[in-house]
Amino acid sequence: MLYLKDLTIQRGNKIVFSNFNAIIKSGSTTLIKGKNGSGKSTLLRAIAGFTPLERGTIKRDNKDIFKNNEEWVENLIFLDTKNGLSKDLTVAENLNAWLTMKGWSSNKEIIKMALKSVGMEKYAELYISQCSEGLKKRAALSRLYISFINKVDFWILDEPTNELDTTSLVLFKKLVFKFLEQKGTIIIASHDQNIIEKNFYTLDLDELKKQRVS
Amino acid sequence: MLYLKDLTIQRGNKIVFSNFNAIIKSGSTTLIKGKNGSGKSTLLRAIAGFTPLERGTIKRDNKDIFKNNEEWVENLIFLDTKNGLSKDLTVAENLNAWLTMKGWSSNKEIIKMALKSVGMEKYAELYISQCSEGLKKRAALSRLYISFINKVDFWILDEPTNELDTTSLVLFKKLVFKFLEQKGTIIIASHDQNIIEKNFYTLDLDELKKQRVS
Amino acid sequence: MNSVYSNWSNIFIAHVKRDILTNSRSLIDLISIVGFMILIIILFPLGLGPIKEKLNIVSNAVIWVGLILAIIPSLEKLLQKDFENGWLDQIATSPIPLEIIMLSKGISYWLIMLIPLIITSPIFAILLAMDLKNIPWLVISISAGSLAISLIGLSGSALILGARRGNILLPILIIPLMIPILIFGVGVNEAIKINASPYGNLFLLFAFTLIYLVISPFISALLVRIAIGR
Amino acid sequence: MNSVYSNWSNIFIAHVKRDILTNSRSLIDLISIVGFMILIIILFPLGLGPIKEKLNIVSNAVIWVGLILAIIPSLEKLLQKDFENGWLDQIATSPIPLEIIMLSKGISYWLIMLIPLIITSPIFAILLAMDLKNIPWLVISISAGSLAISLIGLSGSALILGARRGNILLPILIIPLMIPILIFGVGVNEAIKINASPYGNLFLLFAFTLIYLVISPFISALLVRIAIGR
Amino acid sequence: MFDWLANPNRFKKITNKLEPSLMAIALLFIIFGLYFSLFDSPKDYQQGDAVRIMYVHVPSAWLASFLYLSLAVSSIFYLVWKHPLADLISISIAPIGTLFSMLTLITGSLWGKPMWGTWWVWDARLTSMLILFFFYLGFILLHNAFERKVDGSKSASVLAIIGIINLPIIKFSVDWWHTLHQPSSILRFDGPSIDNQMLLPLFLMMIGFCLFSLYIIIVNVKTKLIEKKCEAILLKLNIKEFL
Ligand code: HEM
Ligand SMILES: Nc1ncnc2c1ncn2[C@@H]1O[C@H](COP(=O)(O)OP(=O)(O)OP(=O)(O)O)[C@@H](O)[C@H]1O
Ligand SMILES: Nc1ncnc2c1ncn2[C@@H]1O[C@H](COP(=O)(O)OP(=O)(O)OP(=O)(O)O)[C@@H](O)[C@H]1O
Ligand SMILES: [Mg+2]
Ligand SMILES: [Mg+2]
């Protein structure tokens, strides 16, 4: 379980959340909805431990994620609209760099399977600068597959499906279900309500804010 | 009518289209579908006159768009995933710069109305660097409104709805319908099939390529 | 369409305005290039030792070399930023010729980066113990060469649009092009030092500026078209 | 978890490898920094005139100043690129400390940009008519100071992450930090010229490098955390 | 001439015939040239044997300049008539030009050490050669700096053309600079009174170097043509998978 308690988060001079509370259930998918600028991305970056809180705590099973940061990020995969891919490396090289960065062993077999899981096996040797938008996104999503090889129990995904075509959308959903099967926890921010079909909760930021006003 | 005749287009060292033919009907919406990397964005950039053709011609009513380029681009609005917004300017300043760049008069009234048409009136003074993804996209989409003030008869839109929330999706559709009413022509590349509900044609790049092979 | 062509100059000014707005939100933006230049200048007394005669000998050259080196880091972004964020694509749908827009880029770069340096150039001269009688000529020669420097910079920055590691490639491409300006620019003051006429060098500086005023917009526009055509 | 910590050095090396891979696909990229440096060197005789004695006096200072100015354009991208494309976010989810990763960045920058300059520094010395007996000391002093230069550059590049007009802000921030290195670096050779012992200056250079080796990774990591926390 | 040669097939046909003999003749000239210059030409009364460097140095210098002109011309052909062969020629010329300008610099330095007592002086001619070297280097670097080959070709061609406008100006300005600050007189080189025995090997070497460059350029272009063909075939295979 992830407990968000009395969060106050500021972006620039703007307080995006004040005294925000929520609980994210383990082993489930939480879909974060809300209108543009409502703070989805901000919340995700805070949960990942990037954005410091003005006030409040984020705890995973009694452990503060900021205080036990290394432990928290180790089993976490974070993906947002910036994909974290180097233009000057190929798809495979990028995945390889990411794997070693995470401290995981990497070999051709693993990379091949990961790329296959998002239908990118043909593009392994393509430079990111030569990829179309959707191909880039898929190159980034291929990291998710690593969860089935190494110990990963949390995904934070910010609009992961925007540029995906229908086939890769299906592949993405397969990854999600597989991850849920092995008791992983997922937080997704998305405008697409149909992204997930089963075992999911919604956190509607607009609703929450409305309640607070009234 | 826009005639694409025998197009061969190369990206990098890859031939993305070879001997591609299509006709885009005036006063309608054409939805370009196709899997990631099938060449949607490439095609749109070629039609906009950016990417030179290896072979073939693109003609609008008998006028080659490359030879009569100034005439063609003057009444065209092109928007893709790079929004063409300067981070260091506010939403309103960006729109203003774009208007004068296009050679159109600009004043507060016009800018206000344009921003209102995508629900951005509250954010006029926000710097682009402080906007969320969806807000940026909407700042770019606000340009479409100008079509109802100045003579614009063609829109080329590459995945315009990716980051939009539900409210602004409705506003976007309103703009589309209004544009179609005044006999405008629209080409949209998108993975979202439900983007447009009436008076539209689909150009499925995957289908076309399949036919050619068989 | 006619109305569009009749207000080219308006559009030109609008482009310059936008560039100035994006690049100089605050006075600090204008000052920072001057600060950089002063720091370059300071490095020399620190390296050479503070002996006034030594400095006086090198002052003229150091200021000119410093000028060229000071603008290099800013050149890479001159077009690259607008290329990456898609603004150049938008510009390509403008009915006015790209050449004119490129000229406006060169001019606004000159206004933002070179004008502050021209205005503060007497400070550099004083820091390097230049003879007082040479200072007016320094200002004049820098003024005369500065536009050519911007325009060469513009072409260089167009040359590397979308190139790999453009930031490190750019200096190699443009420094050779800057050499005549350096030589004629320095020449003005060297002539004054030996009581010769500076007008020959000054004239050459102007001629050079004129050449670039003509060719740079065309070259840059050509290169920008190639870049967005990818 | 244990396995992760036991292979820090592997991860360290992997980071260095990635940086080298992204930044120097080909030998040509390595050549360009050397080319830039030579061009900076060329500017001085062109400005000062070709008189050998004059050049000899300034050669030492010019090489050191040139070195500092030559790396500036490449510094801006050192972290900025990874910041913009989200790689720094990914790095923040690595179980190994950010400080170590920053150190690896500094080291790979040193390998890519400074080592080629150290190797070719005798050429610069010859071009500027430096006395032959001084050249070995030049190479030694540059070697001694180069790592500090990279590490200062790293901190500077972390300082401007996400700043507006960072490219022009960066030099203002780092040049002052480079000044001690310039002074001690030049000092080595000046001591040789007057037949004094160079070891004092050399020792100070090493001391400086050591200090930066300790503090720069911490400062850079702190600044990167602030940047991705925005 | 160029248009006529611009057909790759014709180019290949002609060069196929030309190529072996070209190599042989070039070698012949160079061997004879070397023989005469090393063994059968007089020592200079001032310079001694060092003068023999001249027979490499001067032809290199001359070719470096000439090749840049050819590079610029073929770049113009490429940009204006967009013929891919012109680009192949440019990029084949560039490395040889770089080589010869480097050879000039190196032989000059080697010569300078015994003659002037230093490896390098800032003389106008030397400076312009160094700058020419950087134009070559810039051309090659830019040509390789893009993901897509065509982009590099176009940008580099533009650079070559800027160079053609600028090189005279640079050369002129460097001369101007040179006259302003007269260098000390030891550094000035008064050309040796060239007698026939020196002229002959110089001539032989010059022609040998020319033919040799021509040979290398042709071989280069031909390899590049084959490379291109391979790429085209690969592309076609790719299309199948693609369409
Ligand atoms: C790195 C040093 C040097 C460089 C870059 C260099 C460069 C050049 C260049 C560019 C030319 C061609 C000029 C033309 O086409 O007319 C040339 C010609 C020549 N150089 Fe050098 N040179 C160097 C050193 C020397 C030295 C040390 C000597 C002899 C003392 C020398 C003797 C000559 C002679 C005799 C010619 C041909 C005569 C003439 O055209 O006037 N060079 N050199
Ligand atoms: N610079 C480049 N070099 C080589 N190939 C490229 C380059 N840019 C794009 N491509 C290739 O061209 C093809 C078409 O790309 P394009 O961006 O048009 O696809 P798309 O249909 O828009 O895909 P998406 O749905 O992912 O946006 C892709 O296969 C891509 O890999
Ligand atoms: N650097 C900044 N300075 C000031 N305000 C900012 C900054 N970055 C973001 N904001 C503001 O914070 C709010 C939340 O942004 P965030 O990116 O979290 O929204 P979001 O819910 O992800 O929206 P979207 O659906 O458009 O992606 C927005 O109102 C935005 O304007
Ligand atoms: Mg968001
Ligand atoms: Mg696309």
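Since this is a predicted model, take the numbers as computed values, not measurements.

### Focus: the overall build of chain C
Across its full length, chain C holds 9 helices and 0 strands. Secondary structure of chain C in N-to-C order comes out as α-α-α-α-α-α-α-α-α. For 230 residues, the compact-globule estimate of 2.2 N^0.38 gives 17 Å, and the C-alpha radius of gyration of chain C, at 19 Å, lies within 12% of that figure. Here the C-alpha coordinates of chain C stretch approximately 60 × 35 × 30 Å along the principal axes. The buried share among the 230 residues of chain C stands at 69%. Sequence separation of at least 24 residues holds for 82% of the intrachain contacts in chain C that already meet a minimum separation of 6. With the model as given, the accessible surface of chain C reaches about 7000 Å², and the carbon-plus-sulfur share is 73%.

### What to know about the relation of the copies chain D and chain C
With an axial shift of 0.0 Å and an RMSD of 0.2 Å, the rotation relating chain D to chain C amounts to 180°. The symmetry that links the two subunits is that of a two-fold axis. Of every C-alpha in chain D, the one belonging to D:Pro73 sits nearest the axis of rotation, 2.6 Å from it.

### Points about the sheet that holds strand β6 (residues 76-79) of chain B
Residues and elements named next belong to chain B. The strand order across the open sheet formed by 5 strands is β6-β7-β8-β3-β9, and the pairing between neighbours is parallel. Only two strands of the sheet have a single neighbouring strand rather than two, namely β6 and β9 (200-204). Taking each pair of neighbouring strands and ignoring which way they run, the sheet shows an average axis angle of 15°. Of the pairings in the sheet, the one linking strand β7 (residues 154-158) to strand β8 (residues 185-189) comprises 5 bridges and is parallel in character.

### Brief notes about the nonpolar core
One finds A:Leu43, A:Trp155, B:Leu43 and B:Trp155 to be the most contacted residues of the largest nonpolar core, which totals 385 residues. Ignoring sequence-local partners within four residues, the contact set of A:Leu43 consists of A:Leu4, A:Leu7, A:Ile9, A:Phe17, A:Phe20, A:Ile32, A:Leu203 and A:Leu205. In this structure, E:Leu22, E:Ala26, E:Tyr215 and E:Ile218 belong to the second largest nonpolar core, which totals 5 residues.

### Observations concerning the side chain of B:Thr30
Relative to the elements of secondary structure, B:Thr30 occurs in strand β3 (residues 29-33). Residues within four places of B:Thr30 in sequence aside, it is in contact with B:Ile24, B:Ile186, B:Ile187, B:Ile188, B:Tyr201 and B:Leu203.

### A word on the site of ligand 3
Near ligand 3 there are 21 residues, and of these A:Lys40, A:Ser41, A:Thr42, B:Ser132 and B:Gly134 occur at the shortest range. Neighbouring residues of ligand 3 are distributed over chains A and B. A:Asn36 places a polar side-chain atom, nitrogen or oxygen, 3.1 Å from an oxygen atom of ligand 3. Interatomic distance of 2.8 Å between a backbone N/O atom of A:Gly39 and an oxygen atom of ligand 3. Listed by contribution, the elements that provide at least two residues to the shell around ligand 3 are β2 (14-24) and α1 (40-47) of chain A together with α5 (133-141) of chain B. Taken together, the residues of the shell around ligand 3 break down into 3 nonpolar, 12 polar and 6 charged.

### A short note on the interface of chain D and chain C
With 41 residues of chain D in contact, the opposing surface of chain C contributes 43 residues. For the pair chain D and chain C, the summed buried surface comes to about 4100 Å²; carbon and sulfur atoms form 74% of the total. It is D:Leu43, D:Arg165 and D:Ile168 that lose the most area in chain D upon contact with chain C, and together they represent 17% of the buried surface on that side. Where C:Lys77 meets D:Glu76, a salt bridge forms, and the shortest distance between an N and an O atom there is 2.8 Å. Our enumeration of links across chain D and chain C arrives at 4 residue pairs in polar contact (both at pLDDT 80 or more). Counting only elements with at least two residues in the side of chain D that touches chain C, the list comes to α3 (27-48), α4 (52-84), α6 (98-127) and α8 (166-193) of chain D. In terms of residue count, α3(D) provides more of the side of chain D that touches chain C than any other element does, 13 residues in total. Residue composition of the side of chain D that touches chain C, by class: 28 nonpolar, 6 polar and 7 charged.

### Describing the interface of chain E and chain D
Contacts between the two partners involve 13 residues from chain E and, on the opposite side, 17 residues from chain D. Together, E:Trp122, E:Phe134 and E:Trp177 form the three largest contributors to the area buried by chain E at its contact with chain D, with a combined 39%. Across the chain E-chain D interface, the total number found is 0 salt bridges. Linking chain E with chain D are 1 residue pair in polar contact (both at pLDDT 80 or more), by the criterion used here. In terms of residue count, the dominant contributor to the side of chain E that touches chain D is helix α5 (residues 124-143) of chain E (5 residues). When grouped by side-chain class, the residues that make up the side of chain E that touches chain D number 8 nonpolar, 4 polar and 1 charged.

### Here we look at the site of ligand 1
Residue and element names in this part refer to chain E. Surveying the vicinity of ligand 1 reveals 16 residues, the closest of which are His-57, Leu-105, Trp-111, Arg-125 and Leu-126. In this structure, a nitrogen atom belonging to ligand 1 sits 2.8 Å away from a side-chain N or O atom of His-57. In this structure, an oxygen atom belonging to ligand 1 sits 2.9 Å away from a side-chain N or O atom of Arg-125. Of all elements in the fold, only α3 (54-81), α4 (84-116) and α5 reach the threshold of two or more residues within the shell around ligand 1. With 8 residues, the single largest contributor to the shell around ligand 1 is α4. Across the shell around ligand 1, the residue classes break down as 10 nonpolar, 5 polar and 1 charged.

### Observations concerning the pattern of salt bridges
Throughout the structure, instances matching the rule amount to 29 salt bridges over all chains. Across the pair B:Asp153 and B:Arg60 runs a salt bridge, and its minimum N-O distance is 3.3 Å. Taken together, the residues span a long stretch of sequence, with B:Asp153 in the loop between α5 and β7 and B:Arg60 in strand β4 (residues 55-60) at a distance of 93 residues. The class of B:Arg60 is buried, set by a relative accessible area of 17%. Notably, a salt bridge pairs C:Asp82 with C:Arg18, separated by 3.4 Å at the nearest N-O pair.

### Quick notes on helix α1 (residues 40-47) of chain B
Residue and element names in this part refer to chain B. Extensive coverage of α1 is indicated by the burial of 7 of its 8 residues. Within α1, the full set of buried residues consists of Lys-40, Thr-42, Leu-43, Leu-44, Arg-45, Ala-46 and Ile-47. Residue Gly-49 follows α1 closely and has a positive phi angle near 95°.

### Details of the coordination of the iron atom of ligand 1
Donor atoms from the protein around the iron atom of ligand 1 number only one, E:His57 (NE2), found at 2.0 Å. Position of E:His57 relative to the elements: it lies in helix α3.

### A look at the packing of helix α6 (residues 98-127) of chain C against helix α7 (residues 135-159) of chain C
Residue and element names in this part refer to chain C. Between α6 and α7, the shortest axis-to-axis distance is 8 Å and the interhelical angle comes to 150°. Compared by their axis directions, α6 and α7 come out roughly antiparallel. Viewed along their axes, α6 and α7 form a crossing whose handedness is right-handed. The residues of α7 that touch α6, namely those facing Met-102, Lys-105, Gly-106, Ile-107, Tyr-109, Trp-110, Leu-114, Ile-118, Ser-121, Pro-122, Ala-125 and Ile-126, are Ile-135, Leu-138, Val-139, Ile-142, Ser-143, Ser-146, Leu-147, Ser-150, Leu-151 and Leu-154. Across the contact of α6 with α7, the residue classes break down as 16 nonpolar, 5 polar and 1 charged.

### Some words on the pairing of strand β1 (residues 2-11) of chain A
Residue and element names in this part refer to chain A. Pairing geometry for β1 and strand β4 (residues 55-60), over 5 bridges, is antiparallel. When the bridges of β4 are listed, Lys-5 appears paired with Thr-57. Pairing between β1 and β2: 7 bridges, direction antiparallel. Along β2, the bridge assignment pairs Ile-9 with Phe-17. Here β1 hands over to β2 after 2 residues, with Gly-12 in that stretch at a positive phi of 60°.

### Structural notes on a positive patch on the surface
A contiguous patch of positive charge, built from A:Lys14, A:Lys35, A:Lys209 and B:Lys122, is present on the exposed surface. Position of A:Lys209 among the secondary structure elements: in helix α7 (residues 205-213).

### A closer look at unusual backbone geometry
Negative phi values dominate among residues other than glycine, just as trans dominates among peptide bonds. Its identity is not glycine, yet A:Asp61 carries a phi of approximately 45°, on the positive side. As for its position among the elements, A:Asp61 is in the loop between β4 and β5 (63-64). A positive phi is found at C:Ala129, a non-glycine position, where the angle reads about 60°. Tracing the chain through its elements places C:Ala129 in the loop between α6 and α7. Judged by relative accessible area, which is 16%, C:Ala129 ranks as buried.

Rules used throughout
- Residues numbered from 1 in each chain as written.
- Chains lettered and ligands numbered in written order.
- Predicted model: local features only at pLDDT ≥ 70, side-chain atom pairs only at ≥ 80, totals over all residues.
- Heavy atoms only, no water.
- Helix = DSSP H or I, 4+ residues; strand = E, 2+ residues; numbered from the N terminus.
- Rg over C-alpha atoms; globule rule 2.2 N^0.38 Å.
- Buried < 20%, exposed > 50% of the residue type's maximum accessible area, 1.4 Å probe, protein only.
- Contact = heavy atoms within 4.5 Å.
- Areas by Shrake-Rupley, 256 points an atom, 1.4 Å probe, with all protein chains shown as cover.
- Least-squares fit on C-alpha atoms with pLDDT ≥ 70 in both.
- Pairing = 2+ DSSP bridges.
- Axes fitted to C-alpha atoms, helices over the stretch in contact; angles between N-to-C directions.
- Core = buried A, V, L, I, M, F, W, Y, C linked by side-chain atoms within 4.5 Å.
- Near = heavy atom within 4 Å.
- Polar contact = N/O pair within 3.5 Å; in protein donor to acceptor, adjacent residues only side chain to side chain.
- Nonpolar A, V, L, I, M, F, W, Y, C, P; charged D, E, K, R; others polar.
- Buried area = accessible area lost by both parts, 1.4 Å probe.
- Salt bridge = Lys/Arg side-chain N within 4 Å of Asp/Glu carboxyl O.
- Donors = N, O, S within 2.8 Å, 3.2 Å for Na, K, Ca; no water.
- Parallel < 35°, antiparallel > 145°, perpendicular 65-115°, else oblique.
- Left-handed = near helix turned anticlockwise from the far one by under 90°.
- Patch = residues over 30% accessible without salt bridge, like charges linked within 9 Å, V, L, I, M, F, W, Y side chains within 5 Å.
- Lys, Arg positive; Asp, Glu negative; His and termini not counted.
- Charge placed at Lys NZ, Arg CZ, Asp CG, Glu CD.

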